[in-house]
Amino acid sequence: MKTFFVFFFCCFLNIYAVIAQHQILINAKLNKEERIIYIKQQLTYVNKSNEPLKELYLNDWANAFKNKNTPLAQRFGEEYIRKFHFSKPEEKGFTSINQIKQGKNQLAWIRPQNHPDIVRVRLSKTLAPGEKVHLTFDYSVKVPSDKFTRFGVSGEGNYKLKFWYLTPAVFDGAWKLYSHKDIGEQYTPPANLDIQLDVPAEFYPSTALDIFHNYAAGNRRHIRLTGENRVESELLLTQTYQPEILEVGMHQLVTNLNDDGLQPEIKDLILTRILDFLQERLGEYPHQKLLITKEEYLKNPVYGLNQLPDFIRPFPDGFHYDIQQLKTIINNFLNNSLLLDPRQEQWVHDAIAISLMIDYVDRYYPKMKLVGSLSKIIGLRWFHAADLEFNDQYQFLYMNMARLNIDQPLGSNKDSLLKFNVNIANPYKAGLGIKYLEDYLGSEAVKKSISEFYSENKLKLGTEKEFAAILQKNANKNIDWFFNDYVKTSKKIDFKITKLKKRKDSLQVTIKNKRNNNMPVSLYGIKDDKIVYKTWVDSIDKEKQITIPKNDAERIALNYEQIIPEYNQRNNFRGVSKLFNKPIQFRLLEDIEDPKYAQIFFTPEFDYNLYDGIAIGPKMYNTTFLAKDFSFKISPKYGFNSNTVVGSANIDYTWRYHNRDLRTIRLGIGGNRFSYAYDLFYHRYTPYLNFVFRPQNLRNNERQSLSIRNINVNRDKNPFDQNQTAPNYNVFNVRYGFSNSYLVDHTSAVIDYQLAENFSKVSLTLQYRKLFKNNRQINLRFYGGTFIYSDLPKNSNYFSFALDRPTDYLFDYNYYGRSEGDGLFSQQIIMAEGGFKSQVMPEYANQWITTVNASTNIWKWIFAYGDAGIVKNSGENSKFLYDSGIRVALVEDYFEVFFPVYSNLGWEIAQPNYDQKIRFIVSLDINTLIRLFTRRWY
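Note that this is a predicted model, so its numbers are computed, not measured.

Summarise the pattern of salt bridges; cite the residues concerned and give the values.
Side-chain pairs of opposite charge can arise where the charged atoms are in close proximity. Within the structure shown, the criterion is met by 50 salt bridges. Measuring nitrogen to oxygen at the nearest pair gives 2.5 Å for the salt bridge that ties Lys 267 to Glu 244. Here Lys 267 is found in helix α3 (residues 264-281), whereas its partner Glu 244 is found in strand β19 (residues 244-248), with 23 residues between them in sequence. Taking relative accessible area as the criterion, Lys 267 reaches 5% and is therefore assigned buried. Judged by relative accessible area, which is 26%, Glu 244 ranks as partly exposed. Across the pair Asp 407 and Lys 492 runs a salt bridge whose closest N-O atoms are separated by 3.1 Å. Of this pair, Asp 407 sits in the loop between α7 (393-403) and α8 (419-441) while Lys 492 is found in the loop between α11 (480-487) and β22 (495-502), placing the two residues 85 residues apart along the sequence. No difference in accessibility class separates Asp 407 from Lys 492, as the two residues are buried. Connected through salt bridges with shared partners, the residues Arg 75, Glu 78, Glu 79 and Arg 699 form a single ionic network.

Below you can see the structure in the form of structure tokens.
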């Protein structure tokens, strides 16, 4: 009798669990020609909260592709992603809701303001805690192209569906309303799913749901998919290929990831090892099937591996496949079982995922180099980059953002993060934080906590507070610093050994905490590059003295194993029996920073101008791929045309500020020597002070800068120019710049003031670019400048405002033939001052000038342009000037060609020597071009 009662009670609990779960039933029909899915859906929603609900909110992320005003489109614009804005209407997607019913009653629904991909449904009566409501929906989904987010319909006609039907949002005392921004997962409670699909017969389904039936009848295929406690129902409907189905232990893995031609037994070994590892470290995966797709991997790849071309194979067979599968399976494993808020608590997911990846590589690929077998190639193996292990990439890539002072707290809302921080820096910092804790507490306490957290929160809505509570419970030390400083802030970690006193058998070490935090640091004794002593030092407010045993240590070091993601590790060493704290190291070509050495790099560099020709020489500098506060560069070159030494040098120091609009202050001095004409040289040296301002909301693209400098120029006197302005001069210059740049709108302004011995002048430059919804682009530029006073000779225009080609007396612009009056090099233009493209007269203004430059696109990258302006010279009447023509902008502001058509000179296109009137913009500065492509990440 007792046994029967227990059996009955367990059955009752199972039935209650099913009843108490949300239920989603879908009947969907795909129209292949229209790319529309017609959906009839039933939702049974259970109020699991303690509050009565008068309305429900639903995620409708398919509608995020509706137009250019959605949060998704706006985020694309913020990151300069052009493909959505320039896409055709038929490539976009949307949801059309016909009706929503509760029983026989139609319900009122709206889309909340600023959330076009959220649906708010007003219930016919209040839903009390514990009660459930049955809703029915009739709607259709136009499937967007997959080129926007990798999900949708492909060019081959395959359907990669994710977030394609209505799901309830999460309510935990307040509704979590998260619009689609292509930065992660929907936040939806688990539900029992029953999906019936009617698709053309040629489609084959692949999914992690159970396929209840799948059969063709005539020209249609009928599919039924089911699943319990599901938050995702990613579905592939393919007609050009079928993913692999692999039996891995008790699980079935469906994947279309490229297997690099591996044998089936090797793949089975790799996948079995991955799943065994995750189940050992986390626990049993709650579902029988996993869908591992290349689309998911490419949205969150192993950076570095995904950049290598296919013909480069520096890693052992299977490694590439193993790491791809590992990262995608870990994310799939966690996303489908550990239900955390993906916008506000993503760091917990990232911390677990990245720490698991680090441990997996350490276990199965110990000492694997970051560049694989390339580290053994003569030449490459001399670089410190060749010494880095595969897992060193996490600290390096996070530190890239920390050194640039644009890292963001792990606890930040995910949609407030820069793209680089969303995809790379924050996940890596989170994983490094777990390794930091493991080293501090001992790895078993942290590993036990992660496993416990997973087991207790599997298929439940978990929180970071529960994760923190479990960690603190299992820790044998106070770890408040981890949550208060490491997670909640972007405070840097930076310690320094300031003093060392030698005693007979001990060492008294003074450690300085250079940052305002309470994080611990590890202290080592080193002999023959081996660790002879290690301890942890806690509670370093500003400075702390600690006595450690000598143990014959030759040097002492902080964070010697580089487990702590420390901002500056170059000041972590102090010699005990060695003369130098760190030896000086000279390296050919730029390398990864090695904190054990004081590094100086030599790199070949070249410049070009008409007079010096190709100038080649060594660049000696101290900067690496990571930014430094103190930097210097000395770059002498030999000009093969001028047959002499030219070049440049610079030294500066940068102060970086945290949680302020003022981000950096840079103080420095630079100088250069080049030819400005044949056999004529200029020498320029410039002390400068720069202030850079950026809003604390780093996704705001507004920038401000203030530059104060004094330009000192010495030129060789030109014996053939009797009217040459005094060859030597200095100009005090203050320049303020403002810009607010997005894909759709760009606004900028520059105010420039100059003071010299014989003149003072001020100018204003305004620019505005607008990209309209019909893809029409308009570019407007205004320039106005006036002399405050001038004692300059009237027969010289060297310091005058220029209409079309500035004289560049400050030597700021990269002219290839700055003194040329005719020929190809005279046709190079710099968009500065008047901005005209035609050489109309007068070319200069020694009193004041105002111009307007405008252009609009005719077809894609072909524009029509027009310039108009008024030029005023002393003792003369002002003159109105204009020109117009065609602008071909292959790469805007970097590679453009201008074809004049009509101006004050008449129909220029019909005049002789027209080829000499064509103007061009060409930039050979590789750093400038790199910034063009990386701006979306920073």
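Break down the environment of Leu 374 for me, with residues and values.
The residue Leu 374 is located in the loop between α6 (346-364) and α7 in this model. With 90 residues separating them in the primary sequence, Leu 374 and Glu 464 have C-alpha atoms 41 Å apart.

Kindly report on the side chain of Asn 622, identifying the contributing residues and their values.
Along the polypeptide, Asn 622 turns up in the loop between β31 (613-621) and β32 (630-639). On the basis of relative accessibility, which here comes to 7%, the residue Asn 622 falls in the buried class. There is a polar contact of 2.9 Å between the side chain of Asn 622 and the backbone nitrogen of Phe 632. Among all residues touching Asn 622, those that are not within four sequence positions of it are Gln 599, Phe 601, Lys 628, Phe 630, Ser 631 and Phe 632.

Report on the sheet that holds β19, specifying residues and quantitative values.
Pairing within the open sheet is mixed, and its three strands lie in the order β19-β20-β21. The two strands at the open ends of the sheet, each matched to only one other strand, are β19 and β21 (289-292). With direction set aside, neighbouring strand axes in the sheet form an average angle of 20 degrees. Relative to β21, strand β20 (residues 251-255) runs parallel, the two being bridged by four bridges. Bridging from a neighbouring strand, Val 254 pairs with Leu 291 of β21. In the packing of α3 onto the sheet, the strands contacted are β19 and β20, and the crossing angle to β19 comes to about 55 degrees. Where helix α5 (residues 319-335) meets the sheet, it contacts β19, β20 and β21, and its direction lies at approximately 120 degrees from that of β21.

I'd love a proper account of the sheet that holds strand β15 (residues 204-207), names of residues and values included.
Pairing is antiparallel across the open sheet formed by four strands, whose spatial order is β9-β10-β18-β15. Looking at which strands have only one partner, the edges of the open sheet turn out to be β9 (152-153) and β15. Note: β9 against strand β10 (residues 159-161), two bridges, orientation antiparallel. Looking at β10, one finds that Gly 152 is bridged to Lys 160.

Would you mind going over a positive patch on the surface in detail, with residue names and values included?
Side chains of Arg 82, Lys 83, Arg 150, Arg 935 and Arg 936 sit close together on the surface and give a patch of like positive charge. Assignment of secondary structure puts Arg 935 in the segment after α12 (926-934).

Please set out α11 residue by residue, giving values where relevant.
In terms of burial, α11 is a largely internal element, six of the eight residues being buried. By the burial criterion, the buried members of α11 are Trp 481, Phe 482, Phe 483, Asp 485, Tyr 486 and Val 487. Those residues of α11 that are buried lie in contact with α6, α8 and α10 (464-474).

Let's hear about the pairing of strand β14 (residues 191-200): which residues, and what values?
Of all 10 residues in β14, nine are buried, a share of seventy percent or more. Direction of pairing for strand β1 (residues 22-31) relative to β14: parallel, over a ladder of eight bridges. Its bridge partner lying in β14, Ile 26 is registered against Ile 195. For β14 and strand β17 (residues 220-230), the ladder comprises nine bridges, and the chain directions are antiparallel. Opposite Asp 198, over in β17, you have His 222 as the bridge partner.

Would you mind going over the layout of surface pockets in detail, with residue names and values included?
The computed volume of the second largest pocket comes to approximately 1100 Å³. Along its surface, the second largest pocket is lined by 35 residues, and Asp 392, Gln 395, Glu 561, Gln 562 and Ile 563 are the ones closest to its centre. The dominant element in the lining of the second largest pocket, judged by the number of residues it contributes, is α7, at four residues. Broken down by class, the residue content of the lining of the second largest pocket amounts to 14 nonpolar, seven polar and 14 charged.

For the side chain of Arg 343, give the residues involved together with the corresponding values.
Looking at the secondary structure, you find Arg 343 in the loop between α5 and α6. Aside from chain neighbours lying at most four places away, what touches Arg 343 is Trp 61, Tyr 178, Ser 179, His 180, Lys 181, Ile 183, Ser 412, Asn 413, Lys 414 and Asp 415.

Account for the packing of α3 against α5, with residues named and values stated.
For the pair α3 and α5, interaxial distance at closest approach is 10 Å and the crossing angle is 40 degrees. Pair α3 / α5 crosses with right-handed handedness. Residue-level contacts link Lys 267, Ile 270, Leu 271, Arg 273, Ile 274, Leu 275, Leu 278 and Gln 279 of α3 to Tyr 321, Asp 322, Gln 325, Leu 326, Ile 329, Ile 330 and Phe 333 of α5. For the contact of α3 with α5, the class distribution of residues is 10 nonpolar, two polar and three charged.

Definitions and cut-offs
- Residues numbered from 1 in each chain as written.
- Predicted model: local features only at pLDDT ≥ 70, side-chain atom pairs only at ≥ 80, totals over all residues.
- Heavy atoms only, no water.
- Salt bridge = Lys/Arg side-chain N within 4 Å of Asp/Glu carboxyl O.
- Helix = DSSP H or I, 4+ residues; strand = E, 2+ residues; numbered from the N terminus.
- Buried < 20%, exposed > 50% of the residue type's maximum accessible area, 1.4 Å probe, protein only.
- Polar contact = N/O pair within 3.5 Å; in protein donor to acceptor, adjacent residues only side chain to side chain.
- Contact = heavy atoms within 4.5 Å.
- Pairing = 2+ DSSP bridges.
- Axes fitted to C-alpha atoms, helices over the stretch in contact; angles between N-to-C directions.
- Patch = residues over 30% accessible without salt bridge, like charges linked within 9 Å, V, L, I, M, F, W, Y side chains within 5 Å.
- Areas by Shrake-Rupley, 256 points an atom, 1.4 Å probe, with all protein chains shown as cover.
- Lys, Arg positive; Asp, Glu negative; His and termini not counted.
- Charge placed at Lys NZ, Arg CZ, Asp CG, Glu CD.
- 1 Å grid on protein atoms, 1.4 Å probe; cavity = no way out; pocket = protein on both sides within 12 Å on 5 of 7 lines; lining within 4 Å.
- Points joined across faces, edges and corners; volume = space filled by probe spheres on them.
- Nonpolar A, V, L, I, M, F, W, Y, C, P; charged D, E, K, R; others polar.
- Left-handed = near helix turned anticlockwise from the far one by under 90°.

Interpretation in functional terms is not warranted from these geometric data alone.
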